[in-house]
Amino acid sequence: MNSGSRKDPEISAAMVPDWRATLSGITQAIRRVNLDRNDSRSMQTQLTAHLKRMIQAGELTAGERLPSTRELASELAVSRNTVVAAYEMLLGQGYLESQLRSGFRVNKAARAFQARPVTATPERRQQRRMLSPVAPVPFRPTQPDVNLFPLQIWNRHRNRILKSSTSLLHYQSRFSVGLDILRRNVADYLRDSRGVRCEWQEVAITNGSQQALYLLAQLLLKPSSRVLMEDPGYPGARNAWSHAGAEIVPAKIDEDGIELPAKTSSKMSLIYVTPSHQFPMGACMSLARRLALLKMAYTSGTWIVEDDYDAEFRYTSAPLPSLQSLDEQRRVIYIGSFSKTLFPGLRMGYVVLPPELVDRFCALKSIVDDYSPLIDQATLAAFLESGAFYAHLRRCRRLYAERQNLFLDQVTHLGLPLHFPVTGRGMNLAALLSNGANDSSLSIRFKESGLDIPPLSRYAVKPVQPGLLFGLAAFSSREIYKGVEAMARVFSKSYGTGT
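Residues numbered from 1 in each chain as written. Predicted model: local features only at pLDDT ≥ 70, side-chain atom pairs only at ≥ 80, totals over all residues. Heavy atoms only, no water.

If you tally the helices and strands in the protein chain, you get 17 helices and 13 strands. For the protein chain, the proportion of its 499 residues judged to be buried stands at 50%. Long-range contacts, defined as pairs at least 24 residues apart, comprise 73% of the intrachain contacts of the protein chain with a sequence gap of at least 6. Accessible area for the protein chain stands at about 23900 Å²; split by element, carbon and sulfur atoms hold 51% of it. (Helix = DSSP H or I, 4+ residues; strand = E, 2+ residues; numbered from the N terminus. Buried < 20%, exposed > 50% of the residue type's maximum accessible area, 1.4 Å probe, protein only. Contact = heavy atoms within 4.5 Å. Areas by Shrake-Rupley, 256 points an atom, 1.4 Å probe, with all protein chains shown as cover.)

See below:
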C-alpha cells in the first residue's frame, strides 16, 4: 500500500517522549514479533497477524498507543509501507483507531475481541482445513510437480505488469477470447513446437481445456449427434459430449491409437482423440492411422477434436508434430492447456479453431464468462516471451523422466505383477494386470494403504483389460520408494506376490 494514500498520524519528538522509554510493555511485546522472510506470506500479512493475535490475547490492551510507523519499521527492519499497510488493515477491521496527531491506538472496543477465546472452534478448524491446499497422494494421475514452478520469476512478471498500468483492472469485453499478446505468443509456441497451422486470430484462450470441451460441445453437437471417442478415454470429454445430448460411440485403443470403424451405420458429428499421448493408455497414434482418420473426416464432413494432452513430455525422443499439422482442409480443432506444463490453479487453456468457427466460438464464450482473467493472461504472455516457460519445461522433462525410471526400476526389483505397454513419455503410466484381476477392488485396497491409484475400468465405457493408472510426475524419490513398498505389501496380501 502506498504510504501517501493516507496521512500517517505521527507524534513529534517534541510533544511526547520516545515510545521505547515510555511504553516498555509494548516494547517487549513488539520485540517478540518474528517476521520470517522465508515465509510464503508477505511481511504485511505476517505483521498484521502478529498484532491481531497480540490484541486478542490482551498483550496490547484497549487504548494503548502503538509505535509510529517509522519507529516500528526501524525496530523490525522492514519498510515503512509494510507497517502502514498492516496498521491500515487493522484499522479497517476495527482493531485499531486513530485520530490526527494522536497516533494509532488499540481500539477501546477491542475488549470484545479480547473476550473471544484464542483457540479455534471445531467449525473454524474445519474451515481452515477446507481452505488449506491439499497435496496429491501417491500415485494420483495427472498431477504436475508444482514445487518445480519458478514462482519468483512468475511474480516478477506479474508485479511488473501491475506496476505498468491499471488498464487490466477494468472490464475488457473486447478480449472475450483472450489478450491479443497472449494469443500471439501461444500461436508462436504451437507453430514452433507442435507444427500447428494457425494465425494468432484463430487462437482462443479458455479457462482450461475443460471449458474448451464444453463450449465445443455446445457449438457443434445436438441430441441427435454421435461422437466417436477413445475407450478407455478422458471422462471430462465424455461428460461434455453427453451433457450436450450426444451419443458416445466408444472405439478401442491399440498400439497405433484409436481403432477406426470399417463402416459406420450413420455419420459421426465429431471424433475426439488424444493422438500424441493417448489418455490413459499412453499410445501414440501412428502416421498411417492419422492419415486414415483425416480421410474419414474429409469424406464425411466430420469435425475432429485433437486434445494434445501431455504431448510436451517425451523422454526418449522428440515430440511428434500434432495431428492438426497434417490437416489440409482444417477439420481439426486443436485444444491444449497450461495446467500440466505450469500449474493446475492457473486454469488457462487454448483452442485453435478453423476460421469458420472463430466468430461463433467467440460469441458463445462471451455468454459463458465474458473473458478469462486478464492479469494472469498478461503474466503468462510475459512468461512465454521471456523464455522462462521453455526453461521450466526442460527442467520438468528431466526430472519427470528420472522419476518414471526410478518407479519402473523399483517395480521390477520387487517383482510386482504389472505390465507397462508404453513407457518413456508422459506424466502417467498405464499398467495392465492379468486377466481376471479386479482392478477396482485392488484400487480400493491401495486407497486403504494411503495410495491413490485408479483402475483403468474407471475410464472405460465397455469392459477393458484390468489395469491401473499411475501418476509419477508430482512425487519425490522418497515418495516413490515408499509408495512402491506400500504397493508391494498390498500385492503380497492380495496375490501372494511381492515383498
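Quick look at the packing of aromatic side chains now. Evaluated as defined, the whole model comprises 23 aromatic pairs. Relative to phenylalanine 383, the ring of phenylalanine 149 lies with its centre 5.6 Å away and its plane at 35°, an arrangement referred to as tilted. Remark: phenylalanine 383 occurs in helix H14 (residues 374-386) and phenylalanine 149 occurs in the loop between helix H7 (122-131) and helix H8 (151-164); sequence separation between them is 234 residues. Accessibility classification places phenylalanine 149 together with phenylalanine 383 in one group, the buried group. Taking 6.0 Å as the distance between ring centres and 85° as the angle between the ring planes, the aromatic pair formed by tyrosine 234 and phenylalanine 279 counts as edge-to-face. (Phe/Tyr/Trp six-rings, centres within 6.5 Å; stacked < 30°, edge-to-face > 60°.)

Turning our eyes to something else, we now look at helix H13 (residues 355-368). Over its 14 residues, H13 runs 21 Å from end to end, which matches the ideal 20 Å to within 8%, given 1.5 Å per residue. Within H13 the residues assigned to the buried category are Leu357, Val358, Phe361 and Lys365. Here the buried face of H13 lies against strand S3 (203-206), helix H10 (208-220), strand S9 (303-307), strand S10 (332-337) and strand S11 (349-352). The positive-phi residue at the C-terminal boundary of H13 is aspartate 370, with phi of around 70°. (Expected span 1.5 Å × (residues − 1).)

Next up on the list: the sheet that holds S10. A sheet is described by the order of its strands in space; here seven strands give the open sequence S3-S11-S10-S9-S8-S4-S5, paired in mixed fashion. In this open sheet, the two edge strands, each paired with only one partner strand, are S3 and strand S5 (247-251). Pairwise comparison of adjacent strand axes, ignoring direction, gives a mean angle of 20° for this sheet. Looking at chain direction, strand S4 (residues 226-230) and S5 are connected through five bridges and run parallel. Across the sheet, residue leucine 228 finds its bridge partner in S5, namely valine 249. Relative to S4, helix H11 (residues 235-243) is tilted by about 175°, and along the sheet it contacts S4, S5, strand S8 (270-273) and S9. (Pairing = 2+ DSSP bridges. Axes fitted to C-alpha atoms, helices over the stretch in contact; angles between N-to-C directions.)

Let's shift gears to the side chain of glutamine 278. The residue glutamine 278 is located in the loop between S8 and helix H12 (287-300) in this model. Taking the relative accessible area as the measure of exposure, glutamine 278 reaches 1% and is therefore buried. Within the structure, glutamine 278 has its side chain in polar contact with the backbone oxygen of proline 232 (distance 3.0 Å). Each residue touching glutamine 278, except ones within four places of it in the same chain, is listed here: Glu230, Pro232, Gly233, Ile253 and Ala283. (Polar contact = N/O pair within 3.5 Å; in protein donor to acceptor, adjacent residues only side chain to side chain.)

All buried positions along helix H16 (residues 439-448) are accounted for by Asp439, Leu442, Ser443 and Phe446. Buried residues in H16, looked at end-on, bunch into an arc of 105°, giving them a common side. Opposite the buried face of H16, at more than 90 degrees from it, the exposed residues are Ile444, Lys447 and Glu448. Buried-residue contacts for H16 involve strand S13 (467-471) and helix H17 (477-495). Positioned one or two residues after H16, glycine 450 has a phi angle of 85°, which is positive. (Arc of directions from axis to C-beta.)

Before going further, it helps to examine the pairing of S10. Here S10 lies mainly inside the structure; six of its six residues are buried. Burial of S10 is two-sided: the residues Val332, Tyr334 and Gly336 facing one way and the residues Ile333, Ile335 and Ser337 facing the other way are all buried. Note: S9 against S10, four bridges, orientation parallel. Directly across from valine 305, in S10, lies its bridge partner isoleucine 333. Pairing analysis gives four bridges linking S10 to S11, with the strands arranged antiparallel. Counterpart to serine 337 in the pairing with S11 is glycine 349.

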